[in-house]
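Summary of the model geometry
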Amino acid sequence: MKTYRIATIPGDGIGKEVVPAGRQVLEALANKNKTFAFEFEDFDWGADYYRKNGVMMPEDGLDALRDKDAILFGSAGDPDVPDHITLWGLRLKICQGLDQYANVRPTRILPGIDAPLKRCTPEDLNWVIVRENSEGEYSGVGGRVHQGHPIEAATDVSILTRAGVERIMRFAFKLAQSRPRKLLTVITKSNAQRHAMVMWDEIALEISKEFPDVKWDKELVDASTARMINRPATLDTIVATNLHADILSDLAAALAGSLGIAPTANIDPERRYPSMFEPIHGSAFDIMGKGLANPVGTFWSVVMLLEHLGEVEAAKRVMQAIEAVTGDPSLHTGDLGGKATTAQVTAAVCALLDKVEAPAAKATT
Ligand code: IPM
Ligand code: MG
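Parameters at a glance
- Residues numbered from 1 in each chain as written.
- Chains lettered and ligands numbered in written order.
- Predicted model: local features only at pLDDT ≥ 70, side-chain atom pairs only at ≥ 80, totals over all residues.
- Heavy atoms only, no water.
- Pairing = 2+ DSSP bridges.
- Helix = DSSP H or I, 4+ residues; strand = E, 2+ residues; numbered from the N terminus.
- Axes fitted to C-alpha atoms, helices over the stretch in contact; angles between N-to-C directions.
- UniProt positions renumbered as here; feature names shortened; annotations may be inferred.
- Buried < 20%, exposed > 50% of the residue type's maximum accessible area, 1.4 Å probe, protein only.
- Near = heavy atom within 4 Å.
- Polar contact = N/O pair within 3.5 Å; in protein donor to acceptor, adjacent residues only side chain to side chain.
- Areas by Shrake-Rupley, 256 points an atom, 1.4 Å probe, with all protein chains shown as cover.
- Nonpolar A, V, L, I, M, F, W, Y, C, P; charged D, E, K, R; others polar.
- Core = buried A, V, L, I, M, F, W, Y, C linked by side-chain atoms within 4.5 Å.
- Domains from an automatic or database assignment.
- Contact = heavy atoms within 4.5 Å.
- Patch = residues over 30% accessible without salt bridge, like charges linked within 9 Å, V, L, I, M, F, W, Y side chains within 5 Å.
- Salt bridge = Lys/Arg side-chain N within 4 Å of Asp/Glu carboxyl O.
- Parallel < 35°, antiparallel > 145°, perpendicular 65-115°, else oblique.
- Bend = angle between axes of the 7 residues up to and from the residue.
- Phe/Tyr/Trp six-rings, centres within 6.5 Å; stacked < 30°, edge-to-face > 60°.
- Buried area = accessible area lost by both parts, 1.4 Å probe.

We now examine the sheet that holds strand E5 (residues 126-132). Overall, mixed pairing links the 10 strands, which are arranged E2-E1-E3-E12-E11-E4-E5-E10-E8-E9 in an open sheet. Here the strands that pair on one side only, and so sit at the sheet edges, are strand E2 (36-42) and strand E9 (215-220). When strand polarity is set aside, the average angle formed by the axes of neighbouring strands in this sheet is 25 degrees. Summarising the sheet, strand E8 (residues 183-188) and strand E10 (residues 237-240) pair through three bridges and their orientation is parallel. Directly across from Leu184, in E10, lies its bridge partner Thr237.

Here the UniProt-annotated "domain: Isopropylmalate dehydrogenase-like" (unreviewed entry) positions come out as residues 5-349. Helix makes up 39% of residues 5-349 and strand 22%, whereas the separation of the span's terminal C-alpha atoms amounts to 22 Å.

Next up on the list: the pairing of strand E4 (residues 102-108). Along a regular strand, successive side chains alternate from one face of the sheet to the other. Of all seven residues in E4, seven are buried; the element is thus mostly enclosed. On E4, burial covers both faces: Ala102, Val104, Pro106 and Arg108 on one face and Asn103, Arg105 and Thr107 on the other are all buried. Here E4 runs beside E5; their pairing, made up of seven bridges, is antiparallel. Across the sheet, the residue bridging to Pro106 is Val128, located in E5.

This part covers the site of ligand 1. As a matter of local geometry, ligand 1 sits amid Leu87, Arg91, Arg105, Arg131, Tyr138 and Asp246. Contact between ligand 1 and Arg105: an oxygen atom at 2.8 Å from a side-chain N or O atom of the residue. A distance of 2.8 Å separates an oxygen atom of ligand 1 from a polar side-chain atom of Asp246. If ligand 1 stood free it would expose 320 Å²; the protein chains cover 71% of that surface. Considering only residue class, the shell around ligand 1 consists of two nonpolar, no polar and four charged.

Another aspect to go through is the nonpolar core. Counting 68 residues, the largest nonpolar core has Phe38, Met169, Trp200, Val239, Leu306 and Ile322 as the members making the most contacts within it. Ranked by the residues each element gives to this core, the list is headed by helix H9 (residues 296-309), at nine residues. Both domains that meet at this core, namely domain 1 (1-101 + 267-365) and domain 2 (116-255), each give it at least three residues. For Val239, the contacting residues outside a window of four places in its chain are Val130, Ile168, Met169, Ala172, Leu184, Thr185, Val186, Ile187 and Trp200.

Time to look at a nonpolar patch on the surface. Taken together, Val141, Val157 and Ile159 make up a surface patch of nonpolar side chains, about 190 Å² in accessible area. With respect to the helices and strands, Val141 occurs in strand E6 (residues 136-145).

Bringing the packing of helix H7 (residues 221-230) against helix H8 (residues 242-255) into the picture now. The N-to-C vectors of H7 and H8 enclose an angle of 10 degrees; their axes lie 11 Å apart at closest approach. Classed by the angle they form, the pair H7 and H8 counts as roughly parallel. On H8, the residues touching Val221, Ser224, Thr225, Met228 and Ile229 of H7 are His244, Leu248, Leu251, Ala252 and Leu255.

Moving on, we get to helix H4 (residues 83-97). Where H4 bends most, at Arg91, the angle is about 35 degrees. Of all the positions in H4, only Thr86, Leu90, Arg91, Leu92, Ile94 and Cys95 are classed as buried. In the segment just after H4, Asp99 is the residue with positive phi, at about 45 degrees.

The full count for this structure, using the stated rule, is seven aromatic pairs. Considering the side-chain rings of Tyr4 and Phe36, the 6.2 Å spacing of their centres and the 55 degrees angle between planes classify their relative orientation as tilted. Here Phe36 lies in strand E2 and Tyr4 lies in strand E1 (residues 2-11), a separation of 32 residues in the sequence. The same class applies to Tyr4 as to Phe36, namely buried. Look at Phe43 and Trp45: their rings are 4.7 Å apart centre to centre, the planes differ by 45 degrees, and that puts the pair in the tilted class.

What follows concerns the pattern of salt bridges. For the structure on display, the rule yields 27 salt bridges. A salt bridge links Lys16 to Asp48; the shortest N-O distance between them is 2.8 Å. Of this pair, Lys16 sits in helix H1 (residues 15-32) while Asp48 sits in helix H2 (residues 47-53); the two residues are 32 residues apart in sequence, bridging distant segments of the chain. Classification of Lys16 as partly exposed rests on a relative accessible area of 41%.

If you check the domain split of the protein chain, you get domain 1 (1-101 + 267-365) and domain 2 (116-255). Taking only C-alpha atoms, the centre of domain 1 and the centre of domain 2 are 25 Å apart. Contacts between the two partners involve 14 residues from domain 1, matched on the other side by 14 residues from domain 2. Interface area for domain 1 against domain 2, summed over the two sides, is near 1,100 Å², with a carbon-plus-sulfur share of 57%. The shortest N-O distance in the salt bridge between Arg167 and Asp99 comes to 2.9 Å. Counting across the domain 1 and domain 2 interface gives four residue pairs in polar contact (both at pLDDT 80 or more). Per-class residue counts for the side of domain 1 that touches domain 2 are seven nonpolar, four polar and three charged.

Encoded structure:
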């Protein structure tokens, strides 16, 4: 029997509630399906760790993750610690340290979810956003001088490398090719950003030649927001730089009904290191500790984790249980206008794992 080693990092805020819920689903799945098991190791890194130790995670923390098969992450962010410290000290340290350069963000309107666009059916909105996850606007290069003086200056330098763009384009074309519509939209801003984004466009064209069966087009990032709203069905797989995709993926999640259900995977496609799976929603201090967080974003992230491990049938089973739960308004949490608690939704998904038959659910990515 295969045993997968999973690191769990709840982090801050509601991460501490949804990650244990995700683990519960994985445990229920393993109990039911006797062909694989999980060995969990939990890490208490985050803002509480920072208050005690002055760092979000230990200096050698990455070493403890390297031999894992996957990482389930909650969120990083705390009202009393600056956001750039929580982000760079934990999530980005892991994403960049383990070279998880492809960030994959699927969006669909799940059954029972009320999405805001009146003219948009679930068939119209089935996207995967591929976010470049290692460089661009999140390169971390820049500096500040003359702090507090009138001549103070600060820079954040966006760096794109040929190697970095080639690998994310190849990943995106391959993902587009694996989806039924074989359709890729490359987001750009090469009209205004006249160096790196021009190279981005050139490399997209070069890589496209390796994938003659993939239809692709280019769209300026500002125009793409209007297109997501006015012509959602013209999009399928989307690739964008780190910051562009960060912004577009929040829009995508909102258009699909709630940030509380959106998942993400930080992937090292070469599998040199473990990949990391997390809900998009963040730490949500306003509801933390109350048992009200929507665990569906974590469960969908668990689906992506299982797909990454090659446990495709198990992934479908969890996705089907999720869709049954979203389809039942009595199991909606507050973000969806309901009254259900994290524990109730988790128990319902675990119970459904026993009932649902494996296939038939749509692939998530
Ligand atoms: C995301 C988030 C993060 C990001 C925040 C928490 C810094 O918005 O994963 O999309 O910008 O990368
Ligand atoms: Mg974001």
